[in-house]
Amino acid sequence: MTTTAPAPPRQTRMDWARKNLFRSWWSGLITVILVPLIVYLAYLSLRFFFVTGQWDAVRVNLTLFMQGTFPRDEQWRLISQIMIFALAFGIGLGTNSAASQDRAEDAGLDYERGSIAGTLARMWSLVAFISLLLFFASTDDLGNFINPFLVVGGGLVMAAIGYQAHRFPRRIRRVGWLLTATFLVLGFQVVSGFDAGGWLPLSIIFGGAVYGAVPVDRFDSAWLRFALRLVAIAVVVLIVQAVYRAVDSPGIGWDKWSGLHLTLMVSAIAIVLAFPLGLLLALARRSTLPALRMMATVYIEVIRGVPLITLLFMGQFILGFLLPQGTVLSAITRAIAVMTLFSAAYIAEIVRGGLQALDKGQNEAGQALGMAPPPIMRRIILPQALTAVIPAMVGQFISLFKDSSLLSIIAILEFLGVRKIIHAQPDFRSVAFAETLVFVAIGYWAFAFAMSRESQRLERRLRVTR
Amino acid sequence: MKIIKLLAAMTALMLILAACTSDDDGATATDDDGAADTTEAVDLVQGGGERLAAVIAADVVVCGVNDGLPGFGVVGADGTYSGFDVDFCRVVAAGVLGDADKVEYKPLTADVRFTALQSGDIDVLIRNTTWTATRDGQEGATFLFTVFYDGQGMMVPASTGFTTLEDLADANICVLSGTTTELNLTAVFGARGIPFTGVVFEDNSLLQPAYEAGQCEAWTSDASQLAAFKSSIEGAGGEDQFIMAEIISKEPLGPVVSDGDTEWAQAVEWSVMATVQAWEFGLDSGNIGSYSGDNPNILNFIGTDNFDPGLGLPSDFAVQIVTQVGNYKEIFDAHIPAIGLSLEGSPNNIWTDGGLMYVPPYR
């Protein structure tokens, strides 16, 4: 007979309340004051949401919030973009899960593969925001170009299809990443157009893949290997270019994008560009070459000393006159450049903090193993330094995302700016200021919160596997 | 390891997107005639006036507008622009290109509008822009025919009982930044020695809630805007508002083009003036197509006798403008009464009825 542990004393609700709410007289006092206040505030918010709020301003202008003044008869491009991005998301998720599984197997660890459902649960704020959109859309007449429920459902289906990439055999894991990148580019270009100039990004993806994949190991001469790789890349690039020349269909350039679509695109591009730039700046600032170090320091300190809004105005007012005559840079291109340069300075400082926190011994250990400086940096220093600064880094990304709302001051119609034009419409001129503001706030929060959650997960996972 | 993969992925993405960026720029440069011609136009304009040809080649008029000004420039739920100023963009497109829909709207804030004009981003600026000497002289802008005579007014909640500017001593006054309104306020109150505190906002969707919440005792803006907000505040069940009788400034609003291209300026100006000329002739969108009289001036105007004054406009430009958009009165009636202003007794009436709308003869 086995002995069972004595059952813990049953805790009644009264016990719980006594322990947590009324532990002492002042704790009781705080409870007595706070609880009614919280209940009252909750009542006020719920009443605002469901009773007094006039959500018509949001409901009627839902499409305006989402895509702004993007031409309505080109809406299929946006819907295709959602589908393709969902596919890329699914492929990336599946490939990433499978790759983690590979590594876990190698290390002899248990690993539970991530799933789409799990990812959605983690990003519940986004799910909530999309549900809110669907709720507003459902109370509207559904005679729109395309039923929003179909779009969301279609997106889920595409993600599920893409997720099947985890079934790829291990030796072609790289194909999963390649497909993800390819679909990200295609998703972008389905809006911006497959014109003859669009061959470059896909060429880079396939060129990079080909560079690693060409079977050149049997040749001894390093020069011959390099030459063969170059030839292979050239062939790929020529093929891609030929396809683009053949398709050559112009789309809607990003100077005509607006609304939430623009906010997300601008933020994503600026984040993705600012990270490597910031990394390079951080390394440059710690470099032993004085000229490099000084340039990086001056750049970082100048940018950090000037408000973003000032830089945005300079981007609009001055950049255009500095560039050679005839260079036409749209206001949005200039704004993205400014936001990237701005964030890079902050990211550089964050990364530098991570680098300085590392013990000198790490570098010396690498040297003792006979490693050259670049591999030491790449394989020892950066992985530890970057892991340490993930929270600060994501904080910077979130702040960049929210800073994109400043673009409305330089006449770029982003998510928050849509509010302004809605309140000039005859129907909503003097009503629902609070409602539109709350809606926009929820939208920003949903994305920022999802980013924050994702960074927490990344932090946990990297800490575990380190 | 993971972080390296992450880095690699990040770098790859960076490359992709960097490429997208350059791709996009490439698209602008190589994009079919449209963008390329505009690029060329920027060069040529500085050389000596080819904007008209460039606009015709691009087959679109790029028009800088306001996207949040009741009655003048508004974006509907379907993403389309409408309003008094927007209609004059359509007038220019109908006059120059024969199709009022060939307009590309560029929403601009008060702060960036002249830069957009100078850098050649827009062909014409029709964004409730007041014609002042400084702007004419320093902003590289040429102001054309005034399409709306406005003036700055002052609105207060009726309950305050304020009726004159002197009542506003030590008051907080709401005003938009970057506008002549802000300057006038300081100038007029300074001249009369009335102390006040300006409360400055970026746009009306921020200013209005602040005003209604009592953050300022008065709201100063162009009288047309005050009328619009008065009617909508009262319509939404807010407090009764009072607009003071005193107008503290002259605000002539009209289209603006870049300095140094007379040909383009003439094309825009005569297109705009055609709406007033049609009104004077009694022609509107309903009857201009079927004019059967023999008034030689009207025959010149509607171009049936192929009269060509050499403005670079098609001979039927006036017919296109009036049938597709309307004459001045039709444009006015479509947008301005809705914000609470009438044509009767205003300077915007035609000169034969005591207003200021007077255009040179078309002959």
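What you are looking at is a predicted structure, and each value in this text was computed from that prediction instead of being measured.

(A) Representation of the overall build of chain B within the structure. Scanning chain B from terminus to terminus reveals 13 helices and 14 strands. Burial analysis of chain B (363 residues in total) assigns 54% to the buried set. Within chain B, counting contacts between residues at least 6 apart in sequence, those at least 24 apart form 73% of the total. For chain B, the exposed area adds up to about 13800 Å²; of that, 53% sits on carbon and sulfur atoms.

(B) Region of the structure containing the packing of helix α17 (residues 360–368) of chain A against helix α18 (residues 373–388) of chain A. All names here are of chain A. In contact at an axis separation of 10 Å, α17 and α18 are set at 155° when each is read in the N-to-C sense. In this view, α17 runs roughly antiparallel relative to α18, as classed from their interaxial angle. For the crossing formed where α17 meets α18, the hand is right-handed. Residues Gln362, Asn363, Gly366 and Gln367 of α17 touch α18, and the partners they reach there are Ile376, Ile380, Ile381 and Gln384. Among the residues making up the contact of α17 with α18, the classes are represented as three nonpolar, five polar and no charged.

(C) Up close: the packing of aromatic side chains. Residue and element names in this part refer to chain B. The final tally for this structure, using the stated rule, is 46 aromatic pairs over all chains. Judged by centre distance (5.6 Å) and plane angle (75°), the rings of Phe72 and Phe84 are edge-to-face. Within this pair, whereas Phe72 is found in the loop between β2 (68–69) and β3 (73–75), its partner Phe84 is found in helix α4 (residues 84–97), the two being separated by 12 residues in sequence. On the basis of relative accessibility, which here comes to 1%, the residue Phe72 falls in the buried class. Residue Phe84 is classed as buried on the basis of its relative accessible area of 0%.

(D) How the structure looks around unusual backbone geometry. Residues and elements named next belong to chain A. Positive phi, normally seen in glycine, also occurs at Ala411, with a value near 65°. Along the chain, Ala411 falls in the loop between α19 (390–403) and α20 (415–422). Residue Ala411 is classed as buried on the basis of its relative accessible area of 17%.

(E) Structural detail: the sheet that holds β2(B). Spatially, three strands are ordered β2-β3-β4 (chain B) in an open sheet, and the strand pairing comes out antiparallel. Every other strand in the sheet has two partners, leaving β2 and β4 (81–82) of chain B as the edge strands with one partner each.

(F) The arrangement of the domain arrangement of chain B in detail. All names here are of chain B. Domain annotation of chain B identifies domain 1 (52–147 + 254–353) and domain 2 (151–250). For domain 1 versus domain 2, the distance between C-alpha centres works out to 30 Å. Listed as interface residues are 13 residues of domain 1 and, on the opposing side, 12 residues of domain 2. The junction of domain 1 with domain 2 conceals about 910 Å² of combined surface from both sides, 55% of it contributed by carbon and sulfur atoms. Taken together, the connections running from domain 1 to domain 2 amount to zero salt bridges. Where domain 1 touches domain 2, the interface holds one residue pair in polar contact (both at pLDDT 80 or more). Classifying every residue of the side of domain 1 that touches domain 2 by side-chain character gives six nonpolar, four polar and three charged.

Conventions we followed
- Residues numbered from 1 in each chain as written.
- Chains lettered and ligands numbered in written order.
- Predicted model: local features only at pLDDT ≥ 70, side-chain atom pairs only at ≥ 80, totals over all residues.
- Heavy atoms only, no water.
- Helix = DSSP H or I, 4+ residues; strand = E, 2+ residues; numbered from the N terminus.
- Buried < 20%, exposed > 50% of the residue type's maximum accessible area, 1.4 Å probe, protein only.
- Contact = heavy atoms within 4.5 Å.
- Areas by Shrake-Rupley, 256 points an atom, 1.4 Å probe, with all protein chains shown as cover.
- Axes fitted to C-alpha atoms, helices over the stretch in contact; angles between N-to-C directions.
- Parallel < 35°, antiparallel > 145°, perpendicular 65-115°, else oblique.
- Left-handed = near helix turned anticlockwise from the far one by under 90°.
- Nonpolar A, V, L, I, M, F, W, Y, C, P; charged D, E, K, R; others polar.
- Phe/Tyr/Trp six-rings, centres within 6.5 Å; stacked < 30°, edge-to-face > 60°.
- Pairing = 2+ DSSP bridges.
- Domains from an automatic or database assignment.
- Buried area = accessible area lost by both parts, 1.4 Å probe.
- Salt bridge = Lys/Arg side-chain N within 4 Å of Asp/Glu carboxyl O.
- Polar contact = N/O pair within 3.5 Å; in protein donor to acceptor, adjacent residues only side chain to side chain.

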